[in-house]
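# Tertiary structure, described
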Amino acid sequence: MKTRVPALFTAGILALSLAACGAEEAAEPTEEATEAAAEENGGGGGLIDLLSGLDDSTRELTNYTLALSMTMPDPDLGEVDVDLTYEVMDDPQAMQITMVMPEFGEALAELLAMGGEDPGLTAEELGTQIMIQPADGETLISDHNGIYEAETPWVRGGEDMTDMNPEELFDLQGLPDLVSAFAGIEQAQETGAEDVNGVPTTVVELALTEEEAAALDPGSAAAIQEFLGGDVQETLEVSIWVSEDGFPMRMSVTDNGETMQIEFSEIGTTSFEIPSEDQISDM
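All of the points below concern the structure found in this document. These numbers were taken from a predicted model, which means no experiment stands behind them. Here the residue numbering is sequential within each chain, running from 1 through the sequence in written order. Where totals are concerned, whole chains, interfaces and linings use all residues; where local detail is concerned, this predicted model gives features only for residues with pLDDT of at least 70, and gives and counts side-chain atom pairs only at 80 or more. Note that water and hydrogens are dropped before the side-chain values are worked out from all heavy atoms of the structure.

### Regarding the overall build of the protein
- Strands here are runs of E lasting at least two residues and helices are runs of H or I lasting at least four, both read from the DSSP assignment and numbered beginning at the N terminus. When helices and strands are tallied, the protein shows ten helices and twelve strands.
- Each residue is placed in one exposure class: buried if its accessible area under a 1.4 Å probe, protein chains only, is under 20% of its type's maximum, exposed if it is over 50%, and partly exposed if it falls in between. Relative to its 283 residues, the protein shows a buried fraction of 48%.
- Accessible surface area values rest on a Shrake-Rupley calculation with a 1.4 Å probe, where residue burial reflects the displayed protein chains alone. Here the protein displays about 13,500 Å² of accessible surface, and carbon together with sulfur accounts for 46% of that area.

As structure tokens, this is what we get:
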């Protein structure tokens, strides 16, 4: 995850006016390439069996909560922490996005102070934005911090956030290729067991140097390059928490001083309340 971060994080950061570069496209590895990678790199056996149900488990993923955390450098703000929570429900179809960026809140507080304003909020409160994107309809934005000075808890209008859907920005269908590519690498090892949000998982870890990454087969290399947005720099460290049915409940990645973690929860049970009309003002 260099400054060319995965598209999902890039979109979230751009939405709050932070600079990031788009990831270059890489060819998606085929199923045959992934299987060949496992054999060639010495992986397989227990790990490949563990991941055998991954494709089916992601195919119909329409209701879930996805938490994403990232730390990355920014030329203006220094080290930036980004926490995003996506709540995706299917009845009715809608998505709620919560972004927390304390450094952005600090910058906003300084800007308001220059204008003689004191909102009486912490940097984290100022740096928190909550949005609801219905399947049909305009984006709803929470005015919990009073920034919009609305008479209702929610405002309607502004930027359409449909392009921030995780299914559009993070290739859920590509998870089987990515996780299998990681698990098929010789350095990948099962290191223990742990519950993630009440789900028993097997922990798989690996560390990959630049030289080792350059020596990977084309299928594994393509999957990893597409995810990172470029080549491995320094040492890539990956941890994956895989459930009994082969689903990656959590994945943590560190490369070149940047860290990223994704974590699933409430699969099939995610639900939130959509505001009624009397709770919404038009911008």
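And the narrative resumes.
### What to know about helix α5 (residues 102-114)
- What a helix should span is 1.5 Å times the count of its residues minus one. Its 13 residues place the ends of α5 19 Å apart at the C-alpha level, agreeing with the 18 Å of an ideal helix rising 1.5 Å per residue.
- Buried within α5 we find Glu 103, Gly 105, Leu 108 and Leu 112.
- Whether two residues are in contact is decided by their heavy atoms: any pair within 4.5 Å suffices. Buried residues belonging to α5 abut β2 (78-90) and α6 (123-126).
- Looking one or two residues beyond α5, the residue adopting positive phi is Gly 116, at roughly 80°.

### Quick notes on the nonpolar core
- Definition of nonpolar core: a set of buried residues of the types Ala, Val, Leu, Ile, Met, Phe, Trp, Tyr and Cys, connected through side-chain atoms within 4.5 Å. By size, the foremost hydrophobic cluster in this structure holds 45 residues, and its most contacted members are Phe 182, Ile 224, Leu 236 and Met 251.
- Here Ile 224 is in contact with Leu 178, Phe 182, Ile 185, Leu 208, Leu 216, Gly 230, Val 232 and Leu 236, once residues within four sequence places are set aside.
- Within the second largest apolar cluster, seven residues are counted, among which are Ile 132, Leu 140, Trp 154 and Ile 280.

### So, the side chain of Ser 142
- Position of Ser 142 relative to the elements: it lies in strand β5 (residues 140-142).
- Overall, the relative accessible area of 9% leaves Ser 142 in the buried class.
- Setting aside residues no more than four positions away along its own chain, Ser 142 makes contact with Ile 130, Tyr 148, Pro 153 and Trp 154.

### Here we look at the packing of aromatic side chains
- Each pair of aromatic rings taken from Phe, Tyr and Trp, with Trp reduced to its six-membered ring, is defined by centres within 6.5 Å and is described as stacked if the planes are under 30 degrees apart, edge-to-face if over 60, and tilted in the remaining cases. Here the structure, examined in full by the defined rule, presents two aromatic pairs.
- Aromatic rings pair up to connect Tyr 64, Phe 247 and Phe 264 into one cluster.
- For a Lys NZ or an Arg CZ to count as sitting over a ring, it must be within 6 Å of the ring centre and within 35 degrees of the ring normal. The aromatic ring of Trp 241 is capped on one face by Arg 250, whose charged end is 4.8 Å from the ring centroid.

### Topic: the sheet that holds strand β9 (residues 235-243)
- Here, a strand pair is defined by DSSP locating no fewer than two bridges between the strands. On the basis of which strands lie adjacent, the open sheet formed by twelve strands has the order β7-β8-β9-β10-β11-β1-β2-β3-β4-β5-β6-β12 and mixed pairing. With partners counted over all chains shown, the strands left at the sheet margins are β7 (189-196) and β12 (280-282), one partner each. Neighbour-to-neighbour, the strand axes of the sheet open up by a mean angle of 20°, direction not taken into account.
- Of the pairings in the sheet, the one linking strand β1 (residues 64-74) to β2 comprises eleven bridges and is antiparallel in character. Looking across to β2, one finds that Leu 68 is bridged to Leu 84. Angles run from 0 to 180 degrees between N-to-C directions of axes, and those axes are lines fitted to C-alpha atoms, restricted for helices to the stretch in contact.

### Quick look at the environment of Asp 136
- Turning to its location among the elements, Asp 136 is positioned in the loop between β4 (128-134) and β5.
- Each C-alpha atom of the pair Asp 136 and Ala 94 lies 8.4 Å from the other, and the pair is 42 residues apart in sequence.

### Quick word on the pairing of strand β11 (residues 258-265)
- Most of β11 sits inside the fold, with six of its eight residues counted as buried.
- The sheet contact formed by β1 and β11 spans seven bridges and is antiparallel. Counterpart to Met 70 in the pairing with β11 is Met 260.
- Direction of pairing for strand β10 (residues 248-255) relative to β11: antiparallel, over a ladder of six bridges. Note on β11: the bridge partner recorded for Arg 250 is Glu 263.
- In sequence, β10 turns back onto β11 through a hairpin of two residues, with Asn 256 there showing a positive phi of about 55°.

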